[in-house]
Amino acid sequence: MSPDSAPAAAQRIDGVAVARAVRDDVALEVAELKTRGITPGLTVVIVGEDPASQTYVRAKEKASVEAGMKGETIRLAADVSQAELEQLIDRLNADDSVHGILVQSPLPKHMDSNTVVRRISPAKDVDGFHPVNVGKLLTGEKDGFAPCTPAGVQELLVRYGVSTTGKDVVIVGRSNIVGKPMAALLMQQGAGGDCTVTVCHSRTRDLAAHTRRADIVIAALGRPESITGDMIRPGAVVIDVGISRVADPSAARGYRLAGDVHFESAAQVASFITPVPGGVGPMTIAMLLKNTVRAARQAGA
Ligand code: NDP
């Protein structure tokens, strides 16, 4: 039997179900805050017409409204000036009904996204990219906001009862959005942390030697199906953050979605594994809502 047709040994981590549970918890919190006269508000700002970004912001607004929040999307033309965008952010910073602000990336080329992110009040930066929140994540201050995708990975591990204490974690990828904050979250003291973390990247020598000794492998390199079963230690937990379109003439759309892990071979050896889609992906919006409700709570405290 080829590895591809052998039955998978690993338990699938169901990100759809966990995201639903997180969103249900958020909805309960929203209802409780409303009894105190606070309606958590999330405002998403999108500049331009990028179709993928339009899809993401629609999903964010829909999810926030479903949770009982005030969800709003502000759409700006692609040629809006950076000064106009910053004025809008200033207005949202000053608006007490807005607790979370998210500026959808990517921004058009004429804008400096670092400057834009710094303009958002750290108390409303529910994406967790403002340097103040990056710093709080590193120092372990709990009132900051962690970026939603790595926070979602940690939530999956916790909710599936995967013990992290003392575990060797290998993260493949060192981006500011996934790899670096993932490392910061897992190295913190306490539940869902206390890991010994290695961060690999494109300059790492012998990637497989690192992944093979990991208790938990987190793939976030953006290279479809590049982490194969022979790179995984038997019994390891495999979390696949990657999501790419891969040409597939047999699919109606001409492509399929693929993660950074070669699922079929990795599932033969792993104890737990996330599928793509349906693993990490749904967690991002759920954690965005969770951050927003906490921003509202902290603002109202
Ligand atoms: P980036 O392209 O910003 O970062 C990729 C990282 O992987 C870099 O650090 C790069 O190294 C490293 N890398 C690239 N090739 C290799 C290699 N062959 N061996 C080891 N390391 C390598 O990607 P992101 O972090 O933004 O995203 C990673 C993946 O996660 C993508 O597929 C993306 O679509 C997905 N993603 C999914 C999200 C979700 O589910 N909600 C959210 C965000 C991302 P170097 O730094 O040296 O260049």
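Residues numbered from 1 in each chain as written. Predicted model: local features only at pLDDT ≥ 70, side-chain atom pairs only at ≥ 80, totals over all residues. Heavy atoms only, no water.

1. Examining the pairing of strand β2 (residues 41–47)
Then step 1. Where burial is concerned, most of β2 is hidden: 7 out of the 7 residues are buried.
Then step 2. Side-chain alternation along β2 places G41, T43, V45 and V47 on one buried face and L42, V44 and I46 on a second face that is also buried.
Then step 3. As paired elements, β2 and strand β3 (residues 70–76) share 7 bridges and run parallel to each other. If you follow I46 over to β3, its bridge partner there is R75.
Then step 4. This β-α-β element, β2 to helix α2 (residues 51–66) to β3, shows right-handed connectivity.
Then step 5. Of the pairings in the sheet, the one linking β2 to strand β4 (residues 100–103) comprises 4 bridges and is parallel in character. Its bridge partner being in β4, T43 is matched across the sheet by I101. (Buried < 20%, exposed > 50% of the residue type's maximum accessible area, 1.4 Å probe, protein only. Helix = DSSP H or I, 4+ residues; strand = E, 2+ residues; numbered from the N terminus. Pairing = 2+ DSSP bridges. Right-handed = clockwise from strand over helix to strand, strands pointing away.)

2. Looking at the site of the ligand
Then step 1. The local shell around the ligand holds 17 residues, among which R174, S175, S202, R223 and T284 are the closest.
Then step 2. The contact in question runs from an oxygen atom of the ligand to an N or O atom on the side chain of S175, over 2.5 Å.
Then step 3. R223 has a polar side-chain atom sitting 3.0 Å from a nitrogen atom of the ligand.
Then step 4. Surface burial for the ligand is 67%, taken as the share of its 930 Å² of free accessible area covered by protein chains.
Then step 5. Here the residues of the shell around the ligand are counted per class, giving 6 nonpolar, 9 polar and 2 charged. (Near = heavy atom within 4 Å. Polar contact = N/O pair within 3.5 Å; in protein donor to acceptor, adjacent residues only side chain to side chain. Areas by Shrake-Rupley, 256 points an atom, 1.4 Å probe, with all protein chains shown as cover. Nonpolar A, V, L, I, M, F, W, Y, C, P; charged D, E, K, R; others polar.)

3. Looking at the nonpolar core
Then step 1. If you look at the biggest cluster of nonpolar residues, it comprises 52 residues, and the most contacted ones within it are V26, V153, I218 and I239.
Then step 2. In terms of residue count, the dominant contributor to this core is helix α10 (residues 281–300) (9 residues).
Then step 3. Formed jointly, this core draws a minimum of three residues from each of two domains, domain 1 (37–121) and domain 2 (147–280).
Then step 4. Other than its neighbours up to four places away in sequence, I218 contacts V153, V169, V170, I171, V172, M182, L186, I239 and V241.
Then step 5. Ranked by size, the runner-up nonpolar core spans 19 residues in total, among them I227, I232, V261 and A266. (Core = buried A, V, L, I, M, F, W, Y, C linked by side-chain atoms within 4.5 Å. Domains from an automatic or database assignment. Contact = heavy atoms within 4.5 Å.)

4. Digging into the confidence of the model for the protein
Then step 1. Taken residue by residue, the protein gives an average pLDDT of 96. The fraction at 70 or more is 97%.
Then step 2. Confidence drops under pLDDT 50 across residues 1–6; counting only partners more than four residues distant or on other chains, this segment forms 7 contacts. (pLDDT = per-residue confidence, 0-100.)

5. Observations concerning the sheet that holds β2
Then step 1. Strand order in the open sheet formed by 3 strands is β3-β2-β4, and the pairing between neighbours is parallel. Looking along the sheet, the strands with just one partner apiece sit at the ends: β3 and β4. Neighbouring strand axes in the sheet, compared pairwise and without regard to direction, differ in orientation by 15° on average.
Then step 2. The sheet strands contacting α2 are β2, β3 and β4, and the helix crosses β3 at an angle near 160°.
Then step 3. The sheet strands contacting helix α3 (residues 82–94) are β2, β3 and β4, and the helix crosses β2 at an angle near 180°. (Axes fitted to C-alpha atoms, helices over the stretch in contact; angles between N-to-C directions.)

6. Description of the domain arrangement of the protein
Accessible area lost upon the coming together of the parts is a frequently used measure of interface size.
Then step 1. By the assigned domains, the protein splits into domain 1 (37–121) and domain 2 (147–280).
Then step 2. Computed from C-alpha coordinates alone, the two centres of domain 1 and domain 2 are separated by 29 Å.

7. Topic: unusual backbone geometry
Then step 1. At the junction of S105 and P106, the peptide bond is cis and its omega measures out at 5° in the coordinates.
Then step 2. Inspection of the secondary structure puts P106 in the loop between β4 and α4 (113–119).
Then step 3. For the bond running from V276 to P277, omega is 0°, close enough to zero to count as cis.
Then step 4. With respect to the helices and strands, the residue P277 is situated in the loop between β11 (272–273) and α10.

8. Comments concerning the pattern of salt bridges
Then step 1. Counted by the stated rule, this structure contains 15 salt bridges.
Then step 2. We note a salt bridge from E86 to R119, for which the minimum N-O separation is 3.2 Å. Linking E86 in helix α3 with R119 in helix α4, this pair joins segments that are 33 residues apart in sequence.
Then step 3. For E86, a relative accessible area of 13% gives the class buried.
Then step 4. Judged by its relative accessible area of 35%, R119 falls in the partly exposed class.
Then step 5. R159 is the salt-bridge partner of E155, the closest N and O atoms lying 2.8 Å from each other. Taken together, the residues span about one helical turn, with E155 and R159 both in helix α6 (residues 148–159) at a distance of 4 residues. (Salt bridge = Lys/Arg side-chain N within 4 Å of Asp/Glu carboxyl O.)

9. Comments concerning the layout of surface pockets
Unfilled space is identified by rolling a water-sized probe across the atoms.
Then step 1. Empty space within the second largest pocket amounts to approximately 640 Å³.
Then step 2. Only α5 (131–139), α6 and α10 provide two or more residues apiece to the lining of the second largest pocket.
Then step 3. If one sorts the elements of the lining of the second largest pocket by residue count, α10 sits on top with 5 residues.
Then step 4. Broken down by class, the residue content of the lining of the second largest pocket amounts to 9 nonpolar, 10 polar and 7 charged. (1 Å grid on protein atoms, 1.4 Å probe; cavity = no way out; pocket = protein on both sides within 12 Å on 5 of 7 lines; lining within 4 Å. Points joined across faces, edges and corners; volume = space filled by probe spheres on them.)

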